[in-house]
Amino acid sequence: MSTEDITTLVHPAIAVFFVFPLIGMVVHYAWQTRQRRMQTAAEGKSKIAPVVGPEHLKLGRYLSASVVGIALLGNAQPIFSEMLKNQTWAKESFRVTFVILMFVLTISSLVLLYKARTSLWRGVFATLTGMGLILIGCQPEIYRRGSEWYVSHYYCGMSAAMLMIFSLAIVQDIYKDRSNGWRKAHVALNCIALFFFIGQAFTGTRDLLEIPLSWQKPYVEQLYIQNCQTAPCEVKAAPAPAPQAPPP
Ligand code: HEM
Ligand code: HEM
């Protein structure tokens, strides 16, 4: 495998060995937290340890950073490898500088979001982190699969990252709100986030199947070009040949 192939594998590998196990742990503690609250409300006590809520929060904070981090990495790999290949610095030095600055500002905003205490600053840094991520994702090097947005790894992943940023921003509100409104909103939004994570597992593995190894790339690209000359460009692969009848 070439260096390019190995760098393509870094993002999926981290998702598989770190982010997805963390999602499992966060969901486990989320379920326990809810069960404990329900049992305490109904019977006045619960056998579930009170530590499950703080443990869910602790791992949830790691999860938010991991999902934003993995989304940044997923964007960085195609952006910088394409820029290096096409020598974009020579043609669009302003855009290259802008993208690097966006990575620095997005990571800084995320760090400041963790440190912010008042709701105003949490709102400001959450918005800045989200905006930075979107501006990075708008770069032409990213394959967004816009025509099939409902099965797009990009849209699904960016939405999950936005929901994680929002979860981080409302932590204090969950605890302060006696009516449990923020708590209910948190549960509803993160159940949607869970569907996005499942979507990421499907679309990510599909994308891995679709990206050829670097030595195969010129041949596969040639196939695409040939097909686009004879058939509508949406038809990317040649239709499979009809099965031959076995010789008598
Ligand atoms: C897969 C993602 C997540 C899911 C499915 C999830 C779900 C839940 C559920 C079911 C509860 C219990 C609600 C209740 O008491 O009725 C909860 C509580 C909570 N969650 Fe999450 N959550 C997720 C991620 C996060 C993240 C990323 C954070 C913070 C960064 C977070 C912060 C909290 C907090 C502070 C509570 C209250 C805990 C307590 O009562 O001590 N959650 N969550
Ligand atoms: C929480 C989980 C994940 C998030 C938030 C996430 C997010 C992203 C984002 C934002 C991109 C850039 C847009 C794109 O090219 O589609 C990307 C690229 C990619 N992701 Fe993920 N991803 C996750 C999990 C996975 C998993 C589990 C796999 C495979 C096993 C995977 C495989 C890929 C591949 C192959 C690319 C394309 C990289 C390239 O073009 O070189 N991702 N991901």
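Residues numbered from 1 in each chain as written. Chains lettered and ligands numbered in written order. Predicted model: local features only at pLDDT ≥ 70, side-chain atom pairs only at ≥ 80, totals over all residues. Heavy atoms only, no water.

A. Region of the structure containing the site of ligand 2. Near ligand 2 you find 24 residues, and of these His-11, Gly-74, Gln-77, His-153 and Gln-200 are the closest. Between an oxygen atom of ligand 2 and a side-chain N or O atom of Gln-77, the distance comes to 2.5 Å. Between a nitrogen atom of ligand 2 and a side-chain N or O atom of Gln-200, the distance comes to 3.3 Å. Elements that contribute at least two residues to the shell around ligand 2 include exactly α1 (3-43), α2 (52-86), α6 (153-169) and α8 (181-210). (Near = heavy atom within 4 Å. Polar contact = N/O pair within 3.5 Å; in protein donor to acceptor, adjacent residues only side chain to side chain. Helix = DSSP H or I, 4+ residues; strand = E, 2+ residues; numbered from the N terminus.)

B. Representation of the coordination of the iron atom of ligand 1 in the model. The protein atoms donating to the iron atom of ligand 1 are His-56 (NE2) and His-186 (NE2), with metal-donor distances spanning 2.0 Å. Each of the 6 donor atoms bound to the iron atom of ligand 1 contributes to angles spanning 88 to 179°, and the resulting shape is octahedral. Taken together, the positions of His-56 in helix α2 and His-186 in helix α8 put the pair 130 residues apart, joining distant regions of the chain. Considered together, His-56 and His-186 belong to a single accessibility category, that of buried residues. (Donors = N, O, S within 2.8 Å, 3.2 Å for Na, K, Ca; no water. Tetrahedral: all angles 85-135°; square planar, octahedral: opposite > 155°, others 65-115°. Buried < 20%, exposed > 50% of the residue type's maximum accessible area, 1.4 Å probe, protein only.)

C. View of the site of ligand 1. By nearness alone, 22 residues border ligand 1, and Arg-34, Arg-37, His-56, Arg-183 and His-186 come closest of all. Within the contact set of ligand 1, an oxygen atom lies 2.7 Å away from a side-chain nitrogen or oxygen of Arg-34. Between ligand 1 and the protein, one listed contact pairs a nitrogen atom with a side-chain N or O atom of His-56 at 2.8 Å. Among the elements of the structure, α1, α2, α6, α7 (171-176) and α8 are those that each provide at least two residues to the shell around ligand 1. Grouping the amino acids of the shell around ligand 1 by side-chain chemistry returns 10 nonpolar, 8 polar and 4 charged. (Nonpolar A, V, L, I, M, F, W, Y, C, P; charged D, E, K, R; others polar.)

D. Looking closely at the coordination of the iron atom of ligand 2. In this structure, His-11 (NE2) and His-153 (NE2) serve as the protein donors to the iron atom of ligand 2, at separations of 2.0 Å. Because the angles between the 6 donor atoms bound to the iron atom of ligand 2 fall within 88 to 179°, the donor set is best described as octahedral. Highlighted residues: His-11 in helix α1 and His-153 in helix α6, separated in sequence by 142 residues. Using a relative accessible area of 18% as the deciding quantity, one classes His-11 as buried. Note on His-153: relative accessible area 21%, which makes it partly exposed.

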